Amino acid sequence: MEWILLIIIGLIAGTIGSLVGLGGGIIVVPLLLVIGNYFAHFENVTPQVAVGTSLLVVIFTGLSSTLSYIKYKKVDYKSGLIFFIGSGPGGIVGAYVNKLFNASSFSIWFGLFMIFISIILMLKEKLKPKKNAEPKGIIHKYIDDDGNEKIYSYRPSVGIIISFIVGFISGLFGIGGGALMVPVMILLFFFPAHIAVATSMFIIFLSATTSSVAHIALGNINWLYASALIPGAWFGGKLGAYINTRLNSKAVINLLRIVLIVAGVRLIYQGLF
């Protein structure tokens, strides 16, 4: 029963993570911590193991999603590699800082972070990139599905600094980092939404790989849990990418906001009491 549950968790995390560019760790980490209250087999999962195992799973979600988005020609490789210059080292630093958490403090901080992400997702729908902003730095042109030409641009130095911070948070909490990177790419760098999500999954694949190496060195991976989570995450990554190219993900994002708030409050309560 427990292993079927892990496969389902991987599938849900992979689908939602790929659909909105989150990576899936925002789903895997809290569930690994919470299910220990209901299943004796998971009662000894520490924050470090939850984070390390989640990041290993996120590699496969990111790879699966990226391969699918490549087929739809949505990935901006150049931008992804530039942002990875920051997110890669940031993830490694975050992985080492993670060991400072105990179970209670991690639950509180991760719960607050989940509520923060839900607010970010809410603001992402409200805020729009500035109109008529002068393109600076690296400039890309993109033809959307309606045949309209769109331009997005960014300064590499700014992108690397921001992606380092995102990578640090990713390594610290075991998430993909896309929940932060996608809004940054859309609101600050004017990426089209589908390009931002697809490129985010490419960055997540790269940065989760480097972060996982650090967590493996620290002994933070439960390989049995990962082996059950990865198949679901792999197929979920492909399913989320397919849905993203065909449907408006607004309903899924609205549901995700509610889930994040409820789970965040639950983790804060667990950490405090």
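Structure: see above.
Residues numbered from 1 in each chain as written. Predicted model: local features only at pLDDT ≥ 70, side-chain atom pairs only at ≥ 80, totals over all residues. Heavy atoms only, no water.

S.K.: How do you make sense of the overall build of the protein when you look at a structure like this?
M.R.: Summing up its helical and strand segments, the protein has 10 helices and 2 strands in all. Listing each helix as α and each strand as β along the protein from the N terminus yields α-α-α-α-α-β-β-α-α-α-α-α. Within the span of the protein, comprising 273 residues, buried residues form 55% of the whole. If you take every contact in the protein between residues at least 6 apart in sequence, the share linking residues at least 24 apart comes to 83%. As displayed, the protein has an accessible area near 12300 Å², and 69% of this comes from carbon and sulfur atoms. (Helix = DSSP H or I, 4+ residues; strand = E, 2+ residues; numbered from the N terminus. Buried < 20%, exposed > 50% of the residue type's maximum accessible area, 1.4 Å probe, protein only. Contact = heavy atoms within 4.5 Å. Areas by Shrake-Rupley, 256 points an atom, 1.4 Å probe, with all protein chains shown as cover.)

S.K.: Is there a simple way to explain helix 9 (residues 223-244) in this structure?
M.R.: Residue pairs three or four apart in sequence face the same way in an α-helix, which turns once every 3.6 residues. For helix 9, with 22 residues, the first-to-last C-alpha span of 30 Å sits near the 32 Å given by 1.5 Å per residue. Helix geometry: helix 9 is bent most strongly at L229, by close to 30°, with proline P231 lying one to four residues after it. The set of residues buried in helix 9 consists of Y225, A226, A228, L229, I230, G232, A233, G236, G237, G240, A241 and N244. Among the residues of helix 9, the N-terminal cap falls to N222, whose side-chain oxygen and the backbone nitrogen of L224 are separated by 3.2 Å. (Expected span 1.5 Å × (residues − 1). Bend = angle between axes of the 7 residues up to and from the residue. Polar contact = N/O pair within 3.5 Å; in protein donor to acceptor, adjacent residues only side chain to side chain.)

S.K.: Just checking my understanding: could you explain the packing of helix 3 (residues 47-71) against helix 8 (residues 193-217) for this structure?
M.R.: To describe two helices that pack against each other, one gives the angle between their axes and the distance between the axes. Contact geometry of helix 3 with helix 8 gives a least axis separation of 7 Å together with a crossing angle of 145°. Here helix 3 and helix 8 pass one another in a crossing that is left-handed. Tallied by class, the residues present in the contact of helix 3 with helix 8 amount to 14 nonpolar, 10 polar and no charged. (Axes fitted to C-alpha atoms, helices over the stretch in contact; angles between N-to-C directions. Left-handed = near helix turned anticlockwise from the far one by under 90°. Nonpolar A, V, L, I, M, F, W, Y, C, P; charged D, E, K, R; others polar.)

S.K.: Sorry if this is basic, but what is going on with the pairing of strand 1 (residues 138-143) here?
M.R.: In summary, the side chains of a regular strand alternate between the two faces of the sheet. The alternating pattern of strand 1 places I138, H140 and Y142 on a buried face, while none of I139, K141 and I143, on the opposite face, is buried. As defined by bridge partners, strand 1 adjoins strand 2 (residues 149-154) across 6 bridges and the pair is classed as antiparallel. Bridge assignment links K141 to a residue of strand 2, and that residue is I151. (Pairing = 2+ DSSP bridges.)

S.K.: Sorry, what's going on with the packing of aromatic side chains here?
M.R.: Centre distance and the angle of the planes are the two values used to describe a pair of aromatic rings. Counted under the stated rule, the structure contains 17 aromatic pairs. Taking the centre distance of 6.2 Å and the plane angle of 50° together, the rings of W3 and Y225 count as tilted. With a gap of 222 residues between them, W3 in helix 1 (residues 2-20) and Y225 in helix 9 connect regions that are remote in the sequence. Looking at W3, the relative accessible area reads 36%, which means it is partly exposed. The interplanar angle of 20° and the centroid separation of 4.9 Å between the aromatic rings of F113 and F173 together place this pair among those described as stacked. With F113 in helix 5 (residues 103-126) and F173 in helix 6 (residues 156-173), this residue pair connects regions lying 60 residues apart in the sequence. Here the two residues F113 and F173 agree in accessibility, since each one is buried. (Phe/Tyr/Trp six-rings, centres within 6.5 Å; stacked < 30°, edge-to-face > 60°.)

S.K.: It is not clear to me how unusual backbone geometry should be interpreted in this structure. Could you clarify?
M.R.: Apart from glycine, the bulk of residues carry a negative phi angle, and the bulk of peptide bonds sit in the trans form. In the Ramachandran plot, K73 falls in the positive-phi region, its phi being about 60° despite a non-glycine side chain. Of note, the phi angle at F190 is positive, near 65°, even though the residue is not glycine. With respect to the helices, strands and loops of the structure, F190 is situated in the loop between helix 7 (178-187) and helix 8. Judged by relative accessible area, which is 21%, F190 ranks as partly exposed.

S.K.: So what exactly am I meant to see when it comes to the side chain of S68 here?
M.R.: With respect to the helices and strands, the residue S68 is situated in helix 3. Note on S68: relative accessible area 8%, which makes it buried.

S.K.: Help me understand the nonpolar core, please; the structure alone is not making it clear to me.
M.R.: It is characteristic of soluble globular proteins that their nonpolar side chains tend to be buried jointly. Of all hydrophobic cores here, the largest spans 72 residues; its most connected members are I26, F83, F110, F173 and F191. Looking at this core, the element that brings in the most residues is helix 8, giving 10 residues. When residues no more than four places from it in sequence are discounted, the contact partners of F191 are D76, S79, F83, Y152, Y154, M185, I186, A196 and T199. (Core = buried A, V, L, I, M, F, W, Y, C linked by side-chain atoms within 4.5 Å.)

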